[in-house]
Amino acid sequence: MMTLHNCLLLSALLFATGVYGVVARRNVLIMLMSIELMLNGVNVAFVALARYYPRGSDAPAGHVFVLLTMAVAAAEAAVGLAIVLAWFRHRKTTDTDEMRSMRW
Amino acid sequence: MQVVPVLVWVERKVSAWIQDRVGPNRVGPLGLFQPLADAIKLLFKEDVVPEGTDRFLFILAPAVAFAPAALLATVIPFGQPMMVDGELLPLQVCRGNVGVLLTLALTGFSVYGLAFGGWASNNKYAMLGGLRAGAQMLSYEIAMGLALVSVLMTAGSVDLNVIVLDQTGTWGGFIPKWNALRQPLAFVLFFIAAFAETNRLPFDLPECEAELVGGYHTEYSSMKFSLFFLAEYAAMFASCCLITTLFLGGWSLPGMDVHNHSPFFSLLTVAVFFAKVSVLLFFFIVVRWTLPRFRFDQLMHLGWKTMIPLGLANILFTGAMAQG
Amino acid sequence: MNLRDAFFVVFSFLAIFGAFLTVTRRHPMYSALSLILFFGAISGVMMVLAAPFLALMQLMVYAGAILVLFLFVIMLLSLKESELGGERPWPLKLLAGIGSTVLFGLLAAAILRAPFSPAPPVPGTFGSPDAVGTVMFSEFVLPFEVVSVLILAATMGAVILAKRHLDRPAPQADPPGGGHHG
């Protein structure tokens, strides 16, 4: 059934799945994809709340935030993947546990 | 999709005409049944899934390549709404007020089939083809979107029906108010981007025979190959429909009565629509057999350093005109 | 249970399924494939929640652009088995699983405790491009401009990072946005 509770539960579940992906995996590409999962989980919450608590007639403020999230996600993916490419050229790996030279 | 065999036949005839050959003439009158014979031949060929490929993706890829083009055709309005039993019957398979956005989303999807096919084949030529497809689609979709934005600004809507109706007027009674004339730069940009998105020459780098054997479909055979083949022609047809709708007034004729909903008149508009599409398709084919192929870096230069700045400038200009 | 609820349930389960596949596949290519399913399902959920414009933007931006970028990088690297990196040992994975389950439990407890009102009826234009655009370019114009600056910065950062040689001018053959001849 489509209730606000269920929408938010779906959002929370997707977010938790993304957290699992970032924590449990070592492949940097899959970690980046898990971040996208988390962002999408939050987007679902935004859209659901915009639907259940519309301000006035048709002024969906939540929708604007989702659009901004998408733009930030695109920027994040571009920079993240560029870092992965640059790293892979030097070290021939996508394992995050081997990426130690960037920290002390 | 019944258009595809005819299209293949026209393509081969035109290429023969340009190269001063006869072209297919054995099967049926004027060789008209040649594509049918080819299809039967392909069906009976052995379906090979080479060793070392990723089976699941290898089988999935041709279907993924074909689906977006087929879906794209459903959002195009191809005729004046018809009055049947006192109700208006829209001549459009899938109605919606966000039609243009859906077409953009779908053209973005078409790259997956090529990329998956190239990757799953486990062959360096196929892989390079898939890579090129990815880079090319991503680059030219930006130019395509920018050209589209200026059209949307002119029409003030993202509904394809409204865009068609917006183009029904005339200047001085005979010059049609088509977006191709109101937005010539956007028209040219969109046209070039459409060539790139459908992987037609001069932009067929993902499959160029001279460098990559067959590109992303090198390892494919039998029906899976023909599905890729079909996808290319279906995409070409769909983009011609889209260009007609966005820039050439869709199903409208200059100065016609948009409130006439009689069945005869509706069918006439359908004929007008397909006549325009046919002209565009013919142009696509002639271009293929006339122009040489781009080099990949030239392709990227054209996309990023010429078309995208031009598209942005065009949007700025359109906005300034709308304000002033 | 009406049609809307049925669609919501189907798309939700597809989204959850896609998300689980994404985080559990060994090869990033299959994760990307699952991610397509996930993005499509999320787009469906948005459609059911009266956000048609966002549903299409979801397809265009995530499935049409971001994921193609991922796919492109995966193919460019064309990882061999040795380059995929190791997996964490299963006790750690189990711990991560328990941790994220606890996180979900906490969120769920908070969500279930809150009283929510049922959905009010919204006009048919709710979530249409016009409505979203009007709000975005009036009330939220400053965040919009800030995001455009962010994107400009990200573009420049990505180009600098992906370039091979910063010290000498790039050869003519180098396309912007990353070397294709990796």
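Residue positions are given per chain, counted from 1 along the sequence in the order it is written. Whichever chain is written first is A, and whichever ligand is written first is 1; the rest continue in order. This being a predicted model, a pLDDT of at least 70 is required before a residue's local features are given, and a value of 80 or more before pairs of side-chain atoms are given or counted; all residues contribute to the totals for chains, interfaces and linings. Only hydrogens and water are set aside when side-chain values are computed; all heavy atoms of the structure are taken into account.

1. Observations regarding the overall build of chain B
- Secondary structure elements are taken from DSSP: a helix is a run of H or I of four residues or more, a strand is a run of E of two residues or more, and numbering for both begins at the N terminus. Along the backbone of chain B there are twelve helices and four strands.
- Think of it in three bands: residues with accessible area under 20% of the maximum for their type are buried, residues over 50% are exposed, and the middle band is partly exposed, with areas taken using a 1.4 Å probe on protein chains only. Buried positions account for 55% of the 324 residues belonging to chain B.
- Here, residues are in contact when the closest pair of their heavy atoms is within 4.5 Å. A sequence separation of at least 24 residues applies to 78% of the contacts in chain B between residues at least 6 apart.
- A 1.4 Å probe and the Shrake-Rupley method give the accessible areas. Residues count as covered only by the protein chains that appear here. Put simply, chain B shows about 14100 Å² of open surface, and 69% of that area lies on carbon and sulfur atoms.

2. Considerations on the side chain of histidine 27 of chain C
- By the secondary structure assignment, histidine 27 of chain C is in the loop between helix H1 (3–24) and helix H2 (28–48).
- With a relative accessible area of 17%, histidine 27 of chain C lands in the buried category.
- Residue contacts for histidine 27 of chain C: discarding those within four places in its chain leaves Trp119 of chain B together with Ile74, Leu79 and Leu84 of chain C.

3. Observations regarding helix H8 (residues 184–197) of chain B
All names here are of chain B.
- Here, expected helix span is obtained from the residue count minus one, scaled by 1.5 Å. Taking 1.5 Å as the rise per residue, H8 with 14 residues should run 20 Å; its terminal C-alpha atoms sit 20 Å apart, in good agreement.
- For H8, a buried count of ten out of 14 residues is recorded, marking the element as mostly surrounded by other parts of the structure.
- Among the residues of H8, those classed as buried are Ala186, Phe187, Leu189, Phe190, Phe191, Ala193, Ala194, Phe195, Ala196 and Glu197.
- One or two steps after H8, the chain reaches asparagine 199, where phi turns positive at roughly 55 degrees.

4. Description of empty space enclosed by the protein
All names here are of chain B.
- Method remark: on a 1 Å grid restricted to protein atoms, a set of points is classed as a cavity if a 1.4 Å probe fits but cannot get out and as a pocket if it is open with protein on both sides within 12 Å along at least five of seven lines; lining residues have an atom within 4 Å of a point. Grid points are joined across faces, edges and corners, and a volume is the space filled by probe spheres set on the points. Counted according to the given criterion, the structure contains two cavities of 30 Å³ or more.
- Here the largest cavity is characterised by a volume of approximately 280 Å³.
- Lining the largest cavity are 21 residues; nearest its centre among them are Ser110, Glu197, Thr198, Ala231 and Ala235.
- Of all the elements in the fold, those that place two or more residues in the lining of the largest cavity are helix H3 (55–72), helix H4 (99–120), helix H5 (124–155), H8 and helix H10 (222–247).
- If you tally residues by element for the lining of the largest cavity, the top one is H10, at six residues.
- Charged means Asp, Glu, Lys or Arg here, nonpolar means Ala, Val, Leu, Ile, Met, Phe, Trp, Tyr, Cys or Pro, and polar covers whatever is left, Gly included. Of the residues that constitute the lining of the largest cavity, the class distribution is 14 nonpolar, five polar and two charged.

5. Considerations on the environment of alanine 12 of chain A
- Along the polypeptide, alanine 12 of chain A turns up in helix H1 (residues 4–24).
- Alanine 12 of chain A sits in the buried class, given a relative accessible area of 5%.
- Those residues in contact with alanine 12 of chain A that sit more than four places away from it in its chain are Phe104, Leu107 and Ile111 of chain C.

6. Let's talk about the interface of chain C and chain A
- Counting residues at the interface gives 87 residues for chain C, matched by 75 residues for chain A.
- Two parts placed together each lose some accessible area under a 1.4 Å probe, and the buried area is that loss summed for both. Carbon and sulfur atoms supply 77% of the area that chain C and chain A bury against each other, a total of about 7400 Å² over both sides.
- Any carboxyl oxygen of Asp or Glu that lies within 4 Å of a side-chain nitrogen of Lys or Arg is treated as forming a salt bridge with it. Counting the contacts that link chain C with chain A gives zero salt bridges.
- Among the elements that make up the side of chain C that touches chain A, the one with the highest residue count is helix H3 (residues 52–77) of chain C (13 residues).

7. Quick notes on the packing of helix H3 (residues 61–91) of chain A against helix H6 (residues 141–162) of chain C
- All axes are obtained by fitting lines to C-alpha atoms, using only the stretch in contact for helices, and the reported angles, taken between N-to-C directions, cover 0 to 180 degrees. For the pair H3 of chain A and H6 of chain C, interaxial distance at closest approach is 9 Å and the crossing angle is 10 degrees. When the axes of H3 of chain A and H6 of chain C are compared, the pair comes out roughly parallel. By crossing handedness, the relation of H3 of chain A to H6 of chain C is classed as left-handed. Seen from H3 of chain A, the contacting residues are Leu68, Ala71, Val72, Ala75, Ala78, Val79, Ala82, Ile83, Ala86 and Arg89 of chain A; seen from H6 of chain C, they are Pro143, Phe144, Val147, Leu150, Ile151, Ala154, Ala158, Leu161 and Ala162 of chain C. In these notes the angle categories are as follows: under 35 degrees is roughly parallel, over 145 is roughly antiparallel, 65 to 115 is roughly perpendicular, and the rest is oblique. The hand of a helix crossing depends on one turn: near helix anticlockwise from the far one by less than a right angle means left-handed, and clockwise means right-handed.

8. Considerations on the environment of arginine 25 of chain C
- Here arginine 25 of chain C shows up in the loop between H1 and H2.
- Look past the residues within four positions of arginine 25 of chain C in its chain and what remains in contact with it is Arg25 and Ile30 of chain A together with Tyr30, Ser31 and Ser34 of chain C.
- Side-chain polar atoms of arginine 25 of chain C contact the side chain of threonine 24 of chain C, separated by 3.5 Å. Here a polar contact is recorded for every N or O atom pair within 3.5 Å, except that within protein the pair must consist of a potential hydrogen donor and a potential acceptor, and residues adjacent in sequence are included only if both atoms are side-chain atoms.

9. Digging into the side chain of asparagine 27 of chain A
- Relative to the helices and strands, asparagine 27 of chain A is located in the loop between H1 and helix H2 (28–52).
- Of the residues examined, asparagine 27 of chain A reaches a relative accessible area of 3% and is grouped as buried.
- Discounting residues that sit within four places of it in the chain, asparagine 27 of chain A has contacts with Thr94 of chain A together with Pro28 and Leu84 of chain C.

10. What about the interface of chain C and chain B?
- Residue-level contacts link 27 residues of chain C with 30 residues of chain B.
- For the pairing of chain C and chain B, the buried interface totals around 2700 Å² over both sides, and the portion due to carbon and sulfur atoms is 83%.
- The tally of links from chain C across to chain B stands at zero salt bridges.
- Linking chain C with chain B are one residue pair in polar contact (both at pLDDT 80 or more), by the criterion used here.
- Residue assignment for the side of chain C that touches chain B shows that the elements contributing at least two residues are H2 and H3 of chain C.
- Counting residues per element, the side of chain C that touches chain B draws most heavily on H3 of chain C, which supplies 14 residues.
- The residue makeup of the side of chain C that touches chain B, split by class, is 21 nonpolar, six polar and no charged.

11. What about the confidence of the model for chain B?
All names here are of chain B.
- Chain-level statistics for chain B give a pLDDT mean of 74 and a share of 68% at 70 or above.
- As a per-residue measure, pLDDT tells how confident the predictor is, with possible values from 0 to 100. Put simply, helix H9 (residues 209–212) is where chain B has its lowest mean pLDDT, 61, and H8 is where it has its highest, 82.
- What the predictor reports for the complex is a pTM of 0.83 with an ipTM of 0.87.

12. Topic: the packing of H2 of chain A against H3 of chain C
- Taken N-terminus to C-terminus, the directions of H2 of chain A and H3 of chain C make an angle of 175 degrees; their axes are 12 Å apart at the nearest point. Classed by the angle they form, the pair H2 of chain A and H3 of chain C counts as roughly antiparallel. Counted together, Leu29, Leu32, Met33, Glu36, Leu39, Asn40, Asn43 and Val47 of chain A of H2 of chain A and Leu54, Gln58, Tyr62, Ile66, Phe70, Val73, Ile74 and Leu77 of chain C of H3 of chain C form the full contact between these two elements.
- Looking at the contact of H2 of chain A with H3 of chain C residue by residue, the classes come out as twelve nonpolar, three polar and one charged.

13. A look at the environment of serine 78 of chain C
- With respect to the helices, strands and loops of the structure, serine 78 of chain C is situated in the loop between H3 and helix H4 (90–113).
- Counting along the chain gives 49 residues from serine 78 of chain C to methionine 29 of chain C, while the straight-line C-alpha distance between them is 9.7 Å.

14. Section: a nonpolar patch on the surface
- Taken together, the side chains of Trp90, Leu94, Ile98, Val102 and Leu106 of chain C define a hydrophobic patch exposed on the protein surface, amounting to about 580 Å² of accessible area.
- Its place among the elements puts tryptophan 90 of chain C in helix H4. Patch definition: residues above 30% relative accessible area lacking any salt bridge, with like charges linked at up to 9 Å and the nonpolar side chains Val, Leu, Ile, Met, Phe, Trp and Tyr linked at up to 5 Å.

15. Details of the packing of aromatic side chains
- Paired rings are identified among Phe, Tyr and Trp, the last through its six-membered ring, by centres lying within 6.5 Å, and are further divided according to the angle between planes into stacked (under 30 degrees), edge-to-face (over 60) and tilted (the rest). Summed over all chains, the structure comprises 14 aromatic pairs over all chains.
- Centroid distance phenylalanine 46 of chain A to phenylalanine 65 of chain A: 5.7 Å. Interplanar angle 20 degrees. Geometry classified as stacked. Remark: phenylalanine 65 of chain A occurs in helix H3 and phenylalanine 46 of chain A occurs in helix H2; sequence separation between them is 19 residues.
- Look at phenylalanine 65 of chain A and you get partly exposed, because its relative accessible area is 36%.
- Counting every residue linked through ring pairs, the aromatic cluster contains Phe187, Phe190, Phe191, Phe195, Phe247, Phe283 and Phe284 of chain B.

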